[in-house]
Amino acid sequence: MEKAIHNLGKDARLHIIHILLQNRSKKELAEELGITPAAITKYLKGTTHPSDEIIEKCIEIANEEEYYEIVKIIINDISEALLELLGNVNIENILENENVQKLKKLLDKAFDKVLSTSSRFI
């Protein structure tokens, strides 16, 4: 997940901090992350943003519900960037890319699983 974290935008990083602040105070979060409450305040004001290391710590301290919310944020941020990029290139030129093929297979498998477990008929 290290590479995904490194590519996160500032808004996604801030959103992760907000998720963790839903269940703890600034002081508690700062203690868990090994930073000062002033650093949390700077994140919230947009003066600075959490580093990759801080985001990794956020994932480590997250409870199960927070963890899945953080993963959703990471996926959303990466997929938005990918969609933006793909909107600016000739798609036929990248369809043979090995990683694009892997992603397609993974998504196809996920959609097949969702459809096979769905209680609704299409």
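Our structure is the block above this text.
Just so you know, these numbers come straight off a predicted model, no measurement behind them.

One finds I16, I17, L29, L33, I40, C58 and I70 to be the most contacted residues of the largest nonpolar core, which totals 23 residues. Mapped by element, the contributors of at least two residues to this core are α1 (2-6), α2 (10-21), α3 (26-33), α4 (37-45), α5 (52-61) and α6 (64-86). When residues of this core are assigned to their parent elements, the largest contribution, 6 residues, is made by α2. Contact partners of L29, with chain neighbours within four places excluded, come to I17, L20, L21, R24, I40 and I61.

Next up on the list: α6. With 23 residues, α6 ought to run about 33 Å at 1.5 Å a step, and its terminal C-alpha atoms sit 33 Å apart, in line with that. Buried within α6 we find E66, I70, V71, I73, I74 and D77. If you follow the buried residues of α6, they end up packed against α1, α2 and α5. Looking at where α6 begins, the residue whose side-chain oxygen comes 3.1 Å from the main-chain nitrogen of E65 is N63.

Orientation of α3 relative to α5, taken along the N-to-C sense of each, is 105°, at an axis distance of 9 Å. With respect to each other, α3 and α5 are oriented roughly perpendicular. In this structure, α3 contributes L29, E32 and L33 to the contact, and α5 contributes I54, K57, C58 and I61. Of the residues belonging to the contact of α3 with α5, the class tally is 5 nonpolar, no polar and 2 charged.

This part covers the side chain of D77. Summarising the element assignment, D77 is placed in helix α6. Other than its neighbours up to four places away in sequence, D77 contacts N7, L8, G9 and A12.

With that out of the way, let us pick up the packing of α3 against α4. Packing of α3 against α4 brings their axes to within 8 Å, and their N-to-C directions diverge by 110°. Here α4 runs roughly perpendicular to α3, going by the angle between their axes. Along its contact with α3, which presents K26, K27, L29, A30 and L33, the element α4 presents P37, I40, T41 and L44.

Summed over all chains, the structure comprises 7 salt bridges. R13 is the partner of D52 in a salt bridge, and the nearest nitrogen-oxygen pair spans 2.7 Å. Placement of the pair is D52 in helix α5 and R13 in helix α2, with a sequence separation of 39 residues. For D52, a relative accessible area of 23% puts it in the partly exposed group. Linking E32 and R24 is a salt bridge whose minimum nitrogen-to-oxygen distance equals 2.8 Å. In the salt-bridge network here, residues are joined through shared partners; they are R24, E32 and E66.

Criteria and cut-off values
- Residues numbered from 1 in each chain as written.
- Predicted model: local features only at pLDDT ≥ 70, side-chain atom pairs only at ≥ 80, totals over all residues.
- Heavy atoms only, no water.
- Core = buried A, V, L, I, M, F, W, Y, C linked by side-chain atoms within 4.5 Å.
- Buried < 20%, exposed > 50% of the residue type's maximum accessible area, 1.4 Å probe, protein only.
- Helix = DSSP H or I, 4+ residues; strand = E, 2+ residues; numbered from the N terminus.
- Contact = heavy atoms within 4.5 Å.
- Expected span 1.5 Å × (residues − 1).
- Polar contact = N/O pair within 3.5 Å; in protein donor to acceptor, adjacent residues only side chain to side chain.
- Axes fitted to C-alpha atoms, helices over the stretch in contact; angles between N-to-C directions.
- Parallel < 35°, antiparallel > 145°, perpendicular 65-115°, else oblique.
- Nonpolar A, V, L, I, M, F, W, Y, C, P; charged D, E, K, R; others polar.
- Salt bridge = Lys/Arg side-chain N within 4 Å of Asp/Glu carboxyl O.

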